[in-house]
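Coordinate analysis (summary)
This is what each chain is made of:
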Amino acid sequence: MDAVGTLEIAWSTGYRGDPIAFVAPNALCFSCANSISFYDLEAKPLHTHESLGKAIGHVAAHSRGIFAYTDRSLPPRLFVVSYPDFALQSELKGAAELEFRAIAFSANGKYFVSLAGVPDFKLCVWETATGNLVCKSDVTSWPSVNRVSVYQTNWKQICTTGPDCCLIWSVEECGGQFMLTHANVALPGIDMPSGTKRAVVVVAAGTKEKSKSKKTNSVKPYYPFGLGSIVGNFGDFDDDANRAIVRVTDHCWAPGGILYCACEGGQIFSIDVDSMEVVMVHNPESVVGDDFRLSSGSTDCLALNKRGVFVSGKEGLVKCLGLSNDTPSVLESIDIEQAVVSMVWSPDFSRLIAGTSQGSLLCFSSSRLKDNRPILEHRTDALIGLDILRKGDEHCVTCRQNGLLQLWTLSLCSEAGFIDLNSPCRSIASSPSSASCAVGTADGNVIIVDAQTPDDIRVVDRSRLHQNEVTHLKFDPTGSFLVTAGRDRRIFICSARPTQRFEVLGYLTVDDSVSNLAVTGSKDVTYVCVTVDRSLADTTPFPTRLFTFEIETHWRESVPSSAYSDSTCLFSSPAVKLRSFDLDVPVSGFDVGYLPDDDGLELFALSKKSKKLYKYKLPEFAENAKDEVDLLSPQSQHQGHLFRGGNVFISPHGRWLATCSSDGSILTRLTASLDRSVSVLAHDYSTGGAAALCFTGDCQKVLSAGADGSLSCFTWKFSGQGKAKGSKAVDAFRSRSAALKKVVKREDECLAGMKPLERKGDETTWLDQKIAEAHRLEDEKYSELKADIRKNIATLRENVLKKIQLNSEVPEMERLERQEFNLDTEEQQRLMAVSSKQIEEVREEIELENMRKLYVTEMLKKECWDSMEITGKTITGFGNNLEVRNYPIRKRLPNEVEELDFILTQRRIEIAELDAQADICKAMPKHPLGFDDDDEGVDEGPGDANSLALHGSRGPEFGGGDDFFYSQTEIMTAERKRNQIVLLKNCISKIKRNYNKDFDDLLQQKEAEVARIQEKNVRIKKIMKNLQLNETTFNPQTGANEHPELDLTVKDDEVTVEKYVSEEEQKRIEEENRLAEERRIAEMGDNARERALDMMMGGRLEVKTEEDIFKDLPKPEFVTTKPTETWTEDEQKIAKEYEKKQAALLEEREKHRLALEAELKKLQTSITEACAAFDLKVLKLHHLRIKAEAAVYQEELKILRLTWSLLIEEELAEKEELLQLKLEEKKTRKMRTGSLLSEFRKQVETVKENYEALVQDDKALDRSFKKDFSDCEPYVDVLYKCFKRRPRGQHKISAIEPDSSDVDPSSYNPYSVRPSSAAAARGAHALAAALDELDGESYRPDGVETTAWQRLVVARRLKVEKEQQVKSVALQLAEMNSFLQKRLKEDGDVQQEIEKTFRELNKLREERIRVSQNLEMQLLLKQGQVEVNPGNFIPDFRDSVLVHRSVIEDLNATIKTLGDGKIAAMNESKDFRKNIALLEWEHKKLNMEAEDLRDKARRIQLLKVTKELQAALLEEDTASHQQNISTLEETIALTEEAHNRRRADHKRRVAKLRRRIHEKANENARVDDELEGLAVDVAERQNVERAQSQYPSDGGMEKKMRDIRARRRLVETAKSQAQEVAVLRAEAQRLRMRAFPTLIHGEQY
């Protein structure tokens, strides 16, 4: 096929959300399929550029007619192409190894920037014209960067952003060498309020920083178990390390060096590159106010112009934010209801182009967002297929999955029309005989669309043919038939002519759902081929089956009835010549070719499993062939696509073959020469590649549809030989068109006359309707016959039922089997076969499920049982329900055993070596701490108490001791720590095994005890039976807790379902039962021994007295048969003897009963005591388990501590290694910067020497002036002044100024005013013009000759040029000096970092030594021996000291002696103070007695001696005195009685008050309830009154006012009266107080 020519891209359409760029003022471009599409702003396609490499990656463009793109080859390449001639300017190779992340042009287009991704991660700056690398830098430390942009006014400033990083790059130049430096910006937090400012963090190259403060990475002290984290305790904790930061999505530059960044959460922040300041412009989380337009929506895209910042995102809301003030405001917003994925300004910033995720491009006006219009309105839904309308060369029709049908004009690459079918679609085909298209939907409908008028595409027919989706649609080449296929295993043949209303002609069924369909044919016959993929349940080795059948062309008018096999229009196999073939290759896609001059049909197929194209030759149909499936083998195989599978298409004239696949390529071949092909990469494999393709009718174009929804058109570029083949294809097209011209005209006229279809599809399929119609006709035709048949069947059924009833009553020997009454044996066999198949399926499922369960069981058993050396068991007490468990122990792995043996052998050698050294030195201390053996340890027990304290656990007490342990003071190396961990694990195993021995012993005791109890229970049950007691016995058992192996055994009573027994097993069981019965009968034969025993001793060898005692004596026969009066004497004697024996028997029974009761009580007591004793043993074992558990935990604690220390050592080692690598990196960087610095110094020195030379030349020109003009002696000074004269404003002219004349004040370009090379050129031109004016004759001094003046002009110009050179070199030298100073500063910073890293490394090494020497010991001490103040949880031993016990005891003895002396002194002082206090007390007592005596004397002196007193003094115990006493006693009694009466009265009052209080409380509760109701009434009345007050009457208002005035007067009167009463009350109180007497007591001496 390569001899024919090549395929070139004609056009490509489709937008999938890629970035947009302007390549000219009115031309924009974007990637589409494997090309770049160019459109103008009027939605006209301009050009399409096919990729020069493989699939297109990123695209960037500049408005001066240049664009660049990357491909997806390995390694990827970067192409720079001019527009519109598409000339390749440069091709960059090696810019990336695997992928590009982004590319961008500078504002002037002279440079562009590329950002490479995995694995090199580098940023490169290139010259656009030459493709030379300017500079590059490594970005490996920021692997997430995915965007890059260049500052519009300064190409030397670049920004790269990623979701979690933002870097500002600067291109610095020195002597023609460029260098990239960067500043890493720490992103703000998501909670940073709007308007907040903070400084930018500038990070050194190659590092990441998240904190503003400069923190040294110093090593902290080691605090085990103190800080809550094993790893990471060495270094300062960064508070910002875990803060949530924003995620950057886009950025854009603003004038003044401001960078705006958009974030996922809607945040917008700015970065001032000059002042290094971050400002949170907008944060939705901190929006205050009700401006929802600003706070809502995402900010995925940014675009800037003079008006403001335009933002948009996934919500489809485009907003213009004004940033003139500190607070942003929404100037304008519009909702386009589509997610915006890209935004770009036109070069003049007057129009904003937005690309959406739905495949549309919208153009917005800068001044008004509502003034927008669509440029492209494509869709991103996948294309399900495409076809050429009428098989011509003008229009193409496509359909998408969502039901959008589009009509395309091939010459204009534009959408001519569309229609939305409002239904998911799966297939499409176009008719050759009319301008109609057939579309298959997901619900089984076939829709016919009229596409004659592009502006009025309409649906003219809809019929539901399939139960589910229609997967394939094909028209025959003549446009006579339409063939449909779906997943319901049916193929329908319909008329393709509108004149026949697209009538369904018939259908066929196949074995499985159709995977591919192909239709071809001639004028007389149409050939149909379908393939089906065999199901997994099919056991055939061939994966694909091919069905072929033929349809005669004249059937389009009417199908003969002989072609149908039934009334549902099912074609019979002979009528359509149905054949089937098995293909040994799984087919993905195929097509069938038929040429009249060839024999038979040729089938071309792509394989699913291999990358091959196969060619099959279909044999001719034989009339007498057997109905068998033939195997079809390929004639040849050829190389296919890079990916497996694909689709095959044959050109309309049958000579060319095209294939497409998911690799995105299209291969075209000649059907006669399949080995040679022409390949073109049409679509991107990463988006699914090519989904479908088709040829135009004249085969001059090839159209392809991509899985991403793009559509591409390719044209042939024929070679000299290919032009002839192309002309043959055109001739074939013209002949076909001429043959169908009349048919097309007739059918199009009929199609135009059909009315648009408005109804929806039928709920039932066409076949269901046909079946229902056939049933109805059949019922009408055979209704009487069916009635007779039903009647006969009913009669026959009654007869059979009677026969069955009679059969059940006859004897069994004469009875027939039930199956012999079945009349339809074939149906019975079919049902039995179906049931057998279902049984087999169910049995297979059950077997698989059982296998799965067995596998899980085996895995669980292997993991949890077989791997255990000692399984877990539990002992439960008899009475206390206390459960004690043993220790389950796993089997040791071989490597663990080898490791333990190796360590034990190593320890034996070490111990032997230590003993040898001890023998030599004779001075080996017994304990590392110098403890003596006689010192006491933790416990008071002798011997090993101190060793337990030093050992740190009670493991040796439980068999965990070992002489091979390292002392805790000797574990300093990592190897010893690991060995100690292994030894400690062995110790834990020993502890558990020793405990398990006690556990096993107790378990054996329990089993023995249970056996003894069961033996006793046998006797107890017998005694209870004799005593006729119904009490329950205590019957303990050992269960699965004691014997867990019982859980692995399934008992018969645990199976709740009936066991399935096969026929073989049933026969075996019956045979075993028969043999057992025969043995039993044989054993029951004549046995002399048993017969003798029965005859002589009643069947037993010994007499059991217990049974005889409880047997009743047989009464004499006459006792029951004769009355007592008729007894004879002998009978009376026999009766008396019977009574004596009966009394003796009863007495014996009573004695035996008492004995049995005693024995029963004894047995029960012994069982109770045995159970109690065993429960006590279980309790002791439980206590032992607790102690052993404590010992195990202590050993495990030591293992954890050792593991902790190993982790710390590993952490320190890794940190040291990292610091060492960092140090090496810094040193390498220092060497690199040093070499660059030396080179830069040489360049600066060279430029400096050049500058000095120029200065000297300039001065030499100045000095040589008078010498050169010495011949003009009178005018030398005047000429020198003219020589020094310069144009006015020379400095301003020479400076680079913007050209304000070119600035449009109405322009929206924010970068319109900026320096440029044109401005510099204008300044130089102005200087030259000024010098020309200054050189004029008008400035020549008088008297100076013209020749001298010309010499002066030349000398002055040379002087000016020299001065300009000096200034230029001076500026260059200043820039180079500035660059050199920056490099010197960077070199110094690197040196400081090296020193800092070296200091950190030394600190870390010191810390490693300290950690290895600062051991942590675990000691076992009593609580009293720990004299550390406990904290909130555990004591802190970091500042503690470990001392020997003897030191503490000596100190305590000294303290006790000093304390006894102090107590004696305190007792002596106490006695002395006691005597002093006693004397003071006696002195105070005497003083008080003296005071009492003085008081008595004073009272006696003041006493008035009256007559009564004198009489009383003179009388001695008279009667009056006694009377007074009795009177007083009576008075006291009366007073007490009155007091009691008053007390009782008060109690009654209190009780009465309490009752009243209770009543009041009840009343208050009731009043509260009433109050709630009254409150509701009041509220209602207030509402009513309020409502009435809105429309008050005059009389009511006046009355209310009078009442209010009267009430107010009364209130004021009451207040005044209350004040007067208060004043009067106060005055009365004052007067009352004046009447009270005042008693003044004065001492009289």
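The structure under discussion appears in the preceding block.
Keep in mind that what you see is a predicted model, and the values were worked out from it rather than measured. For every chain, the first residue of the written sequence is number 1, and numbering continues from 1 onward in sequence order. pLDDT decides what is reported in this predicted model: residues at 70 or higher carry local features, side-chain atom pairs at 80 or more are listed and counted, and totals for whole chains, interfaces and linings draw on all residues regardless. The side-chain figures draw on all heavy atoms in the structure; neither hydrogens nor water molecules are used.

On to the pairing of strand 4 (residues 35–40). Relative accessibility thresholds used throughout: buried, under 20% of the residue-type maximum; exposed, over 50%; partly exposed, between the two (1.4 Å probe, protein chains only). For helices the rule is a DSSP run of H or I covering at least 4 residues; for strands it is a run of E covering at least 2, with both sets numbered from the N terminus onward. Within strand 4, six of the six residues are buried, which leaves the element mostly enclosed by the surrounding structure. Of the two faces of strand 4, both are covered, the one formed by S35, S37 and Y39 as well as the one formed by I36, F38 and D40. Sheet analysis places strand 3 (residues 27–32) next to strand 4, joined by six bridges and oriented antiparallel. From the neighbouring strand, C32 faces strand 4, where its bridge partner is S35. Between strand 3 and strand 4, which pair antiparallel and follow one another directly, the connecting turn spans two residues, one of which, A33, has a positive phi of 55 degrees. Should DSSP find at least two bridges between two strands, the strands are regarded as paired. The pairing of strand 4 with strand 5 (residues 45–50) spans five bridges and is antiparallel. Within strand 5, the residue paired with Y39 across the bridge is P45.

Moving on, we get to the sheet that holds strand 16 (residues 165–174). Backbone hydrogen bonds hold the strands of a sheet together, and the pairing may be parallel or antiparallel. Taking strand neighbours across the sheet as the criterion, the four strands line up as 14-15-16-17 in an open arrangement whose pairing is antiparallel. Looking at strand neighbours, the two that pair on one side only are strand 14 (147–150) and strand 17 (177–184), the edges of this open sheet. On average, each strand axis in the sheet is inclined to that of its neighbour by 20 degrees, with strand direction left out of account. As defined by bridge partners, strand 14 adjoins strand 15 (residues 157–162) across four bridges and the pair is classed as antiparallel. What sits directly across from V148, in strand 15, is T160. By definition, residues are in contact when any of their heavy atoms lie within 4.5 Å. Only the stretch in contact is used when a helix axis is fitted, and all axes are lines through C-alpha atoms; the angle between N-to-C directions ranges over 0 to 180 degrees. The sheet strands contacting helix 19 (residues 1346–1413) are strand 16 and strand 17, and the helix crosses strand 16 at an angle near 130 degrees.

Let's shift gears to the sheet that holds strand 58 (residues 711–718). Spatially, four strands are ordered 1-58-57-56 in an open sheet, and the strand pairing comes out antiparallel. Each having just a single partner strand, strand 1 (5–13) and strand 56 (690–695) make up the two edges of the open sheet. The average angle at which neighbouring strand axes cross in this sheet is 25 degrees, direction not considered. Where strand 56 and strand 57 (residues 701–706) come together, five bridges link them in antiparallel fashion. Bridging across to strand 57, F695 finds its partner in V702.

So, about helix 3 (residues 720–753). Given a rise of 1.5 Å per residue, 34 residues ought to cover 50 Å, and the 47 Å separating the end C-alpha atoms of helix 3 matches this to within 8%. The angle separating two fitted axes, one through the seven residues that finish at a residue and one through the seven that start at it, defines the bend at that residue. Along its length, helix 3 shows its largest kink, about 50 degrees, at L740. Considered for burial, the residues of helix 3 that qualify are G722, G726, A729, V730, F733, L740, V743, V744, E747, D748 and L751. For helix 3, the elements touching its buried residues are strand 36 (436–441), strand 37 (445–450), strand 38 (458–464), strand 53 (656–660) and strand 58. Given a helix with a known number of residues, its expected span is that number minus one, times 1.5 Å.

The working definition used for a salt bridge is a side-chain nitrogen of Lys or Arg within 4 Å of a carboxyl oxygen of Asp or Glu. The tally for this structure, following the rule as stated, stands at 72 salt bridges. Between E332 and R307 there is a salt bridge, and its shortest N-O distance comes to 2.9 Å. Remark: R307 occurs in the loop between strand 23 (301–305) and strand 24 (308–312) and E332 occurs in strand 26 (residues 329–335); sequence separation between them is 25 residues. We classify E332 as buried; its relative accessible area is 10%.

On the surface, E1045, D1047, D1052, D1053 and E1054 cluster together into a negatively charged patch. Among the structural elements, D1052 can be located in the loop between helix 9 (974–1026) and helix 10 (1063–1083). For D1052, a relative accessible area of 73% translates into the label exposed. Nonpolar side chains (Val, Leu, Ile, Met, Phe, Trp, Tyr) within 5 Å and like charges within 9 Å form the patches, drawn only from residues with over 30% relative accessible area and no salt bridge. Here the accessible surface of atoms and residues is derived via Shrake-Rupley with a 1.4 Å probe, and residues count as covered only by protein chains that are part of the display. Note that His is not counted, nor are the chain ends; the positive residues are Lys and Arg, and the negative ones are Asp and Glu. Positions of charges follow a simple convention, taking NZ of Lys, CZ of Arg, CG of Asp or CD of Glu.

Any two rings among Phe, Tyr and Trp, with Trp reduced to its six-membered ring, count as a pair given centres within 6.5 Å; such a pair is stacked if its planes are under 30 degrees apart, edge-to-face if over 60, and tilted if neither. Summed over all chains, the structure comprises 30 aromatic pairs. Pairing F492 with W766 gives two aromatic rings, centres 5.8 Å apart and planes at 85 degrees, and the pair type is edge-to-face. Taken together, the positions of F492 in strand 41 (residues 490–495) and W766 in helix 4 (residues 766–781) put the pair 274 residues apart, joining distant regions of the chain. Judged by relative accessible area, F492 falls into the buried class, the value being 0%. Counting every residue linked through ring pairs, the aromatic cluster contains F38, F67, Y69, F79, Y83 and F86. Between R1383 and the ring centre of F1379, over which it is positioned, the NZ or CZ distance is 4.4 Å. Throughout this description, the term charge over a ring refers to an Arg CZ or Lys NZ atom that lies within 6 Å of the ring centre and within 35 degrees of the ring normal.

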